[in-house]
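# Structure at a glance
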Amino acid sequence: MEIYLAPLEGVTGHIVRNAFAHNFRGIDKYYTPFIPAAKRMNQKILRDIAPENNAGIRLIPQLMSNRAQEVLDMAHQLQEYGYREVNLNLGCPSGTVVSKHRGSGLLAYPDELDAFLYGIFEKADFPVSVKTRVGFSGDFDWENILEIYGKYPLCELTVHPRVRADFYKGTPRLEDFDLAYERYCEADSSTRLCYNGDITDVESYDALMARYPKLQRVMIGRGLLANPALAQMIADKTGKSASAGSDAGASPDSLDSYRSAFRAFHDEIFDGFCNIFSGEKDAMFHMKEIWGYLIASFADGEKLGKKIRKAQSVQEYRVYVNELFEHHELNIMG
């Protein structure tokens, strides 16, 4: 089993990726938050993909576009930095994205999707993977969309079995993932299949594998941000030998070690934010988005979580964070 960290815009940049890799085991591959392929690479993008900022991390750039030539041009620029594969974002549900027929918005127009992929694969001299939802307003086009994907030599297809209208609510549409599983796991296919969606703990991972025993790849986003040790816990339970972060991480079943790793994870991100933003206060405000996920790992931590997110000074922020780590147990063991 390979475990991937899902890209989250504004969250899973190189500082957060490094904090995962340095403090926990189990994540095999990372993806950049989407890069608008139509733009020239600015300093923010260059900083995020710089090889020196991603040492020891297996990183795949994710591109946002609906124009084949933009993807080809950006992919060739990325090759200058050592990247040999790109991932196409066909899942983002943001209104500003879908209104331009990008992200999951392109799924509403299967003919445009087909033409987009044809234009890429007609000229691509590099591997291309796709992260997709199963439809736009509904999943009535999913079989057709799968047929379109099947026409092209995708190196990997990651399926988040929700439609755009679902955003991140409701239960994943596993009956739609069943179709992808039959095509790519139960049949002979060179395209690797990856599942993404609502893996929040070891139990939900186990339930997924019980349904899809031949599945070899999962992508986890919000579940890993809420519990950064989740990939390690899955790896330890399954006896998996992780390639990324193999020298990092807590011992299995040791809450004290996990607590230490959580604190080091937080501190590395905060220090990293201090280095790239305009001081500690700016870094503190960026940390609040991280805490929106991370607070779920602390027993009875909701009240302190609110205080952390409302803190207006760095001193106040540090007091609340210290209190949380010193006096609240982790509730990650199930």
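Residues numbered from 1 in each chain as written. Predicted model: local features only at pLDDT ≥ 70, side-chain atom pairs only at ≥ 80, totals over all residues. Heavy atoms only, no water.

### Thoughts on the packing of aromatic side chains
- Scanning the model with the defined rule gives 14 aromatic pairs in all.
- Considering the side-chain rings of Trp291 and Phe298, the 6.0 Å spacing of their centres and the 45° angle between planes classify their relative orientation as tilted.
- Its relative accessible area of 1% is what places Trp291 among the buried residues.
- Relative accessible area serves as the criterion here: at 2%, Phe298 is assigned to the buried category.
- Linked through ring pairs, Phe20, Phe24, Phe262, Phe265, Trp291, Phe298 and Phe325 together constitute an aromatic cluster.
- Residue placement shows Arg133 over the ring face of Tyr168; its charged tip is 4.9 Å from the ring centre. (Phe/Tyr/Trp six-rings, centres within 6.5 Å; stacked < 30°, edge-to-face > 60°. Buried < 20%, exposed > 50% of the residue type's maximum accessible area, 1.4 Å probe, protein only. Lys NZ or Arg CZ within 6 Å of the ring centre and 35° of its normal.)

### Observations concerning unusual backbone geometry
- Look at His101: it is not a glycine, yet its phi comes out positive at around 60°.
- The residue His101 is located in the loop between helix H4 (95–98) and helix H5 (110–121) in this model.
- Located in the positive-phi region is Asp300, a residue other than glycine, with phi close to 55°. (Helix = DSSP H or I, 4+ residues; strand = E, 2+ residues; numbered from the N terminus.)

### Re the nonpolar core
- Ranked by size, the top nonpolar core spans 106 residues in total, and within it Tyr149, Leu215 and Trp291 carry the most contacts.
- Sequence-distant contacts of Leu215, that is, excluding residues within four places in its chain, are made with Met1, Phe177, Tyr181, Cys185, Leu193, Tyr195, Leu208 and Met209. (Core = buried A, V, L, I, M, F, W, Y, C linked by side-chain atoms within 4.5 Å. Contact = heavy atoms within 4.5 Å.)

### Digging into the pattern of salt bridges
- Applying the stated criterion across every chain yields a total of 17 salt bridges.
- Residue Arg192 pairs with Glu156 through a salt bridge whose shortest N-O separation is 3.0 Å. Of this pair, Arg192 sits in strand S9 (residues 192–196) while Glu156 sits in strand S8 (residues 156–159), placing them 36 residues apart in sequence.
- Judged by relative accessible area, which is 27%, Arg192 ranks as partly exposed.
- Using a relative accessible area of 0% as the deciding quantity, one classes Glu156 as buried.
- Here Arg259 and Glu329 are joined by a salt bridge, their closest N and O atoms 3.4 Å apart. Remark: Glu329 occurs in the segment after helix H14 (314–327) and Arg259 occurs in helix H11 (residues 255–276); sequence separation between them is 70 residues.
- Residue Arg259 is classed as buried on the basis of its relative accessible area of 18%. (Salt bridge = Lys/Arg side-chain N within 4 Å of Asp/Glu carboxyl O.)

### Remarks on the layout of surface pockets
- Space inside the largest pocket adds up to approximately 660 Å³.
- In terms of lining residues, the largest pocket is bounded by 32 residues, among which Pro7, Leu8, Glu9, Lys131 and Tyr168 are the most central.
- When residues of the lining of the largest pocket are traced back to their parent elements, those giving at least two are H4, strand S10 (217–220), helix H9 (222–226) and helix H12 (280–294).
- The dominant element in the lining of the largest pocket, judged by the number of residues it contributes, is H9, at three residues. (1 Å grid on protein atoms, 1.4 Å probe; cavity = no way out; pocket = protein on both sides within 12 Å on 5 of 7 lines; lining within 4 Å. Points joined across faces, edges and corners; volume = space filled by probe spheres on them.)

### So, H5
- Across its 12 residues, H5 extends 16 Å between first and last C-alpha, which sits within 8% of the 16 Å expected from 1.5 Å per residue.
- Those residues of H5 that sit buried are Pro110, Leu113, Asp114, Phe116, Leu117, Gly119, Ile120 and Phe121. (Expected span 1.5 Å × (residues − 1).)

### A word on a positive patch on the surface
- Residues Lys303, Lys306, Lys307, Arg309 and Lys310 make up a contiguous surface patch of positive charge.
- Here Arg309 shows up in helix H13 (residues 302–310).
- Residue Arg309 is classed as partly exposed on the basis of its relative accessible area, which comes to 34%. (Patch = residues over 30% accessible without salt bridge, like charges linked within 9 Å, V, L, I, M, F, W, Y side chains within 5 Å. Areas by Shrake-Rupley, 256 points an atom, 1.4 Å probe, with all protein chains shown as cover. Lys, Arg positive; Asp, Glu negative; His and termini not counted. Charge placed at Lys NZ, Arg CZ, Asp CG, Glu CD.)

### Focus: the pairing of S8
- The alternating pattern of S8 places Glu156 and Thr158 on one face and Leu157 and Val159 on the opposite face, and all of these are buried.
- When strand S7 (residues 128–132) meets S8, the two strands line up parallel, connected through four bridges. Residue Ser129 lies in a different strand from S8, and its bridge partner there is Glu156.
- Considered for its hand, the β-α-β crossover made up of S7, helix H6 (residues 142–150) and S8 is right-handed.
- Relative to S9, S8 runs parallel, the two being bridged by four bridges. For Glu156, the partnering residue across the bridge sits in S9 and is Arg192.
- Taken together, S8, helix H7 (residues 174–184) and S9 constitute a β-α-β crossover, and its handedness is right-handed. (Pairing = 2+ DSSP bridges. Right-handed = clockwise from strand over helix to strand, strands pointing away.)

### Looking at the sheet that holds strand S5 (residues 62–64)
- Across the sheet, which stays open at both edges, the 10 strands sit in the order S3-S5-S6-S7-S8-S9-S10-S1-S2-S4 with parallel pairing between neighbours. A single partner strand is all that each edge strand has here, and the edge strands are strand S3 (35–36) and strand S4 (59–60).
- Bridging between strand S1 (residues 2–5) and S10 involves four bridges; their strand directions are parallel. Across the sheet, Ile3 pairs through a bridge with Val218, a residue of S10.
- With respect to the sheet, helix H1 (residues 14–23) is in contact with S1, strand S2 (29–31) and S4, its orientation differing from that of S2 by roughly 170°.
- Each of strand S6 (86–90) and S7 touches H5; the most contacted strand, S6, lies at about 170° to it. (Axes fitted to C-alpha atoms, helices over the stretch in contact; angles between N-to-C directions.)

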